[in-house]
Amino acid sequence: MKKLLLFLFTSAIGFSQSIYKGNVNENGFPIPGATICVLNTQRCTTSDFDGNYSIEVRKGEQLQISFVGMKTKIIKISNQTFQEDELAVKELISNDYIKKLEKTADSAKVSKPSGHFNFNLNSYFQNENISRINRKNDGLYELKDKYDYDRLSFEIYHEYSVSVPMRLPKYQSLYAQGRSINGDLAYQSPETNEIFSWGPNVNSLQYSSNSSAYYPQGNIENRSSLSSAPLQLYNPNRFFRNSQDNKIAFTGQIENRKGNYLKLNFSYKTGNITIPNTRNNESTTSLKYFRTVSNNSKIETLLTYNDFENNFSNANFGINKVVFSNAVTPIHFDNKLSVLSNGVQRSYSDFENNPYYLTQYNLDKNKSRTISFNFNHKFNKGRVSNIANTGFQSSNVENENGQPFYTAVITEPNFNQRIEKFRNFLVSDVFKYEFAYSKYIESKLDLRYQNRDLERNFFSGYNSLENFPKNALAQTHFDISQHRFEAFFNVNGSFLIENAPFYNNEMIVRASTDLNYSSTVKNGFMPSYFVSAELRRLFNEDFTFTITNRYTKTEPSLQNNNLNFNSLQYRLDQFNQLQNNLELITQKDALTINENSINFDLNYRISSSWNLYLNYNFKKVENLYVPLYAANAVSWSPNVDYKQRGVEFIIENLSYYNRNFRYNFNLNFTYYRNEVTAIHNNQSRISFAGFADVNKNYIVGQPLGVIVGNSYGRDANQNIIIDAEGFPVKNLEPKILGNPNPDFVVGFSNTFQYRHFSLYLGFDWSEGGKVWNGTQQTLNYYGKSELTGEQRNTTNYIFEGITQSGAVNTKAVSFYDVNQPVNQNLWTRYGIGGVDEDAIEDATYFRLNSLKLSYKSGYNRTDKKSEFIISFFVNNVFVVAKSKTAFGLNAMFNSIETNGLDYFNAPMMRSFGSSLTFKF
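Residues numbered from 1 in each chain as written. Predicted model: local features only at pLDDT ≥ 70, side-chain atom pairs only at ≥ 80, totals over all residues. Heavy atoms only, no water.

1. A word on the overall build of the protein chain
Looking only at helices and strands, the protein chain has 6 helices and 46 strands in total. Put simply, the protein chain has 920 residues, and 53% of those count as buried. For the protein chain, contacts bridging at least 24 residues in sequence account for 65% of all contacts bridging at least 6. Surface exposure of the protein chain reaches about 40200 Å², of which carbon and sulfur atoms provide 52%. (Helix = DSSP H or I, 4+ residues; strand = E, 2+ residues; numbered from the N terminus. Buried < 20%, exposed > 50% of the residue type's maximum accessible area, 1.4 Å probe, protein only. Contact = heavy atoms within 4.5 Å. Areas by Shrake-Rupley, 256 points an atom, 1.4 Å probe, with all protein chains shown as cover.)

2. Side note on the packing of aromatic side chains
Taken as a whole and judged by the stated rule, the model has 58 aromatic pairs. Note on Tyr855 and Phe868: the rings are 6.0 Å apart at their centroids and 45° apart in plane angle, and the pair reads as tilted. Of the two residues, Tyr855 sits in strand 43 (residues 845-856) while Phe868 sits in strand 44 (residues 867-881), which places them 13 residues apart along the sequence. A relative accessible area of 26% means that Tyr855 is categorised as partly exposed. An aromatic cluster is built from Phe196, Phe317, Phe324, Phe575, Phe691, Trp772, Tyr781, Tyr782, Phe893, Tyr903 and Phe904, whose rings are joined through pairwise contacts. The positively charged end of Lys432 is found above the aromatic ring belonging to Tyr440, 4.2 Å away from the centroid. The residue whose ring lies beneath Arg792 is Tyr175, and the NZ or CZ to ring-centre distance is 3.7 Å. (Phe/Tyr/Trp six-rings, centres within 6.5 Å; stacked < 30°, edge-to-face > 60°. Lys NZ or Arg CZ within 6 Å of the ring centre and 35° of its normal.)

3. Quick look at the sheet that holds strand 37 (residues 730-738)
Taken in spatial order, the 4 strands of this open sheet run 33-34-35-37, and their pairing is antiparallel. Two strands bound the open sheet, and with one partner strand each, they are strand 33 (685-690) and strand 37. Taken pair by pair, the neighbouring strands of this sheet meet at an average axis angle of 45°, ignoring direction. Two elements, strand 35 (residues 706-712) and strand 37, share 5 bridges in a ladder whose sense is antiparallel. Bridge assignment links Gly709 to a residue of strand 37, and that residue is Lys735. (Pairing = 2+ DSSP bridges. Axes fitted to C-alpha atoms, helices over the stretch in contact; angles between N-to-C directions.)

4. Some remarks on the nonpolar core
Ranked by internal contacts, the top residues of the largest apolar core, which has 63 residues, are Ile275, Phe691, Trp772, Tyr782 and Tyr903. Among the secondary structure elements, those contributing two or more residues to this core are strand 15 (205-207), helix 3 (318-328), helix 4 (355-360), strand 35 and helix 5 (774-782). Ranked by residues supplied to this core, first place goes to helix 3 with 6 residues. Here Tyr782 is in contact with Ile195, Phe196, Ser197, Trp198, Phe324, Val328, Tyr348, Glu352 and Ile832, once residues within four sequence places are set aside. Residues Ala590, Ile593, Val634 and Phe688 belong to the second largest nonpolar core, which totals 22 residues. (Core = buried A, V, L, I, M, F, W, Y, C linked by side-chain atoms within 4.5 Å.)

5. Some points on unusual backbone geometry
Going from Phe468 to Pro469, the amide bond is cis rather than trans, its omega being 15°. Summarising the element assignment, Pro469 is placed in the loop between strand 24 (439-460) and strand 25 (474-498). In the Ramachandran plot, Asn193 falls in the positive-phi region, its phi being about 65° despite a non-glycine side chain. Residues other than glycine seldom take positive phi values, yet Ser438 does so here, at roughly 60°.

6. Quick look at the side chain of Glu194
Take Glu194: it is sitting in the loop between strand 14 (184-187) and strand 15. Judged by relative accessible area, which is 5%, Glu194 ranks as buried. Within polar-contact distance, the side chain of Glu194 engages the side chain of Arg179 at 2.7 Å. Glu194 has contacts with Gln177, Gly178, Arg179, Gln188, Tyr348 and Ser349, leaving out every residue within four places of it along the chain. (Polar contact = N/O pair within 3.5 Å; in protein donor to acceptor, adjacent residues only side chain to side chain.)

7. A few points about the environment of Asn295
The topology assignment puts Asn295 in the loop between strand 19 (280-294) and strand 20 (297-310). Judged by relative accessible area, Asn295 falls into the exposed class, the value being 81%. In this structure the C-alpha to C-alpha distance between Asn295 and Lys258, which are 37 residues apart in sequence, comes to 9.3 Å.

8. So, the sheet that holds strand 45 (residues 901-902)
Strands sit in the order 42-40-45 across an open sheet of 3 strands; the sheet is mixed. Strands with a single pairing partner mark the edges of an open sheet, and in this sheet they are strand 42 (840-842) and strand 45. Of the pairings in the sheet, the one linking strand 40 (residues 770-773) to strand 45 comprises 2 bridges and is parallel in character. Across the sheet, residue Asn773 finds its bridge partner in strand 45, namely Asp902. Here helix 5 sits on the sheet in contact with strand 40 and strand 45, set at roughly 25° to strand 40.

See the structure below:
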């Protein structure tokens, strides 16, 4: 299995998360189309034509990086992970490659410039068939014998997983559609357009002999006798399906004695999400050819094609709308019959949707096709090396979304077609001269041209159903073309000083300076620098101290695909009307994002088994880009400055107990605090995620992303004010309600290996932070939550607080008084979102996030027998959390921007799966 190389560094940051940028390559050769996902989430991205990617993550999360033919790699997000190591890429070597080389005996270490052996020497040097010994970049020697050449080798990989929803809301199962009328609880049929489930007990109702389009088994009426059949009830959680993912990959390759190498990869993946009638398909094909031109020169080429299709992309908030409509439907209404005989949507109320209708007539679709080509020439002779690279990438992304005929509360059907075309060209050269160990100078030149064409067509004004979706009377056209030319030049070097400042110590000084030009940046030029000093073997121990300072100017990307800011245009009671109709466009004379960071690192290798790492980091960021609303329009503006400091502690252990058994673990503790230091453009606060009435914000002096919403009215002593009817007063003025950033995050992983078996367990613990559980509030409003079923008959309750005159409240109330209008009960009187203060919950959780058991067959090097690897895994094994249903990492609209907001999010999933790799 090939090595997966990752160059990881930090760029712009949001609240409690960072936009991490990196590079995926094989032996320095870029890998486009690799999939990078935050483990156990739906936040994913892919690497571009030169292997670069960026993804939003929080410290403590894990990135899963995969590509057909490559060993899937999982890395923990930490400060140490994203420190540039010697200004070069970090090699993350696949476990199966390590296993082939590592032996417990006869390990020989030679001088630093030459590398070292880490395998049993006798078992290989007695082999008369050795053809070549290659020294790898990490210092390990790789032996090649005659059986490695001039023969076809194949690898087939298959992975299958099933995911089941977990931590679903709990619903009341006692009360029917309706409300109180003249002091009695009355059932109200779908024809009345009643949205509430504040009606009578379902046991007091029966089916009549008269059927209807809404109730084929008979209309619902008051029960006339005890012998009549009870109503059939439906559990909303049964609406969700187990999702399935099925992936198969094929790799074929051949290599000759001169090092010429041809490799073909093909993979196909298909699956669905937990919503019915969904599917996604992806296929990737790549062809690699490496050729040795001379002893010092070789060329490498890579051609990749990727095709992706998703029939439910949530581009128009469709998934959340489906979850919402399913949750609020009365327990006795069967949604599966989604259409009436006249073609109109069949729902329990004209003001609400049928979830099956939304999936059947869903318009949120996505297609993308990408082709990329890279050519790479590598020269290496003595101390001189040079890598010249050129590449091209072309991508077409098509999105469709809209709101079809007969959708609830939509007065006019509409259809939106969005087409993006990307073209990227790259030419680069890297020259390096090595004077000695850790003494080198390197220059990099990178020329790049990017082009983005965005076209959107809005269709509306239909005069008949037959004209839907693309033949409209009215059409709005949006067309924009963006171009960017970049020139990047970098000089960096490293210098080793021995016996300084103490005897037997080493000091390695590194420095780098960049000069970047961009045609879309104001004034064009963006200088950056990096300096570090590393002291090794302090106090005659394997103790290293490093201090680094980095200053960067970064341009905003041309495309901003996070479109979830569109929801800020709508209040909660307008949820079904949500549309994705606004774009974030990077302006021609964009300001740079400026970041200045300082890191102090201590690394102490106690023994060959134990390693300790401590990091303190501080950074300041200026001109963070945020969405800014004004006059029914939005701009992508550099309006926020902030600072952040943090501490990270890591302890690692790798223990060899004997030849057959070893154990290793990693404990990672991360603590950080951030604070908004300035907001430009005369703004007091800027909302960037959520809704118009409850959202996440940048506010000067506050942590990034604080949750703002309404609260209870209070006097100067913070006593809750009670109104004349005995209920707390709602204060509509926005107020800071909670900080979604955790106090600290702990990750702990264990790996046990015995002979051919391997067992992995990964835990994570997040302490503190807040989450807004709007889902619970809205279910309370509709009378659908388990809480309202249990407490609706509560009487003689006295709320603690003071009256408006200042006296202690003594007025007793009923939570649901049938003699009062339904909108006067405890839960409906405050509106669909309730009181936001009540929705704030503790986001603390402890989770066994991953469990994996693997078996790998033996391998006979001489006979080249086939081998296989079989694995079984479970993700999200269990979660213990203070919130019963909301989960801070289960972000609304699947965007990290909305972490800490729960409003009918897609369910959290527990995955069971297996994979099989067969090599022959």
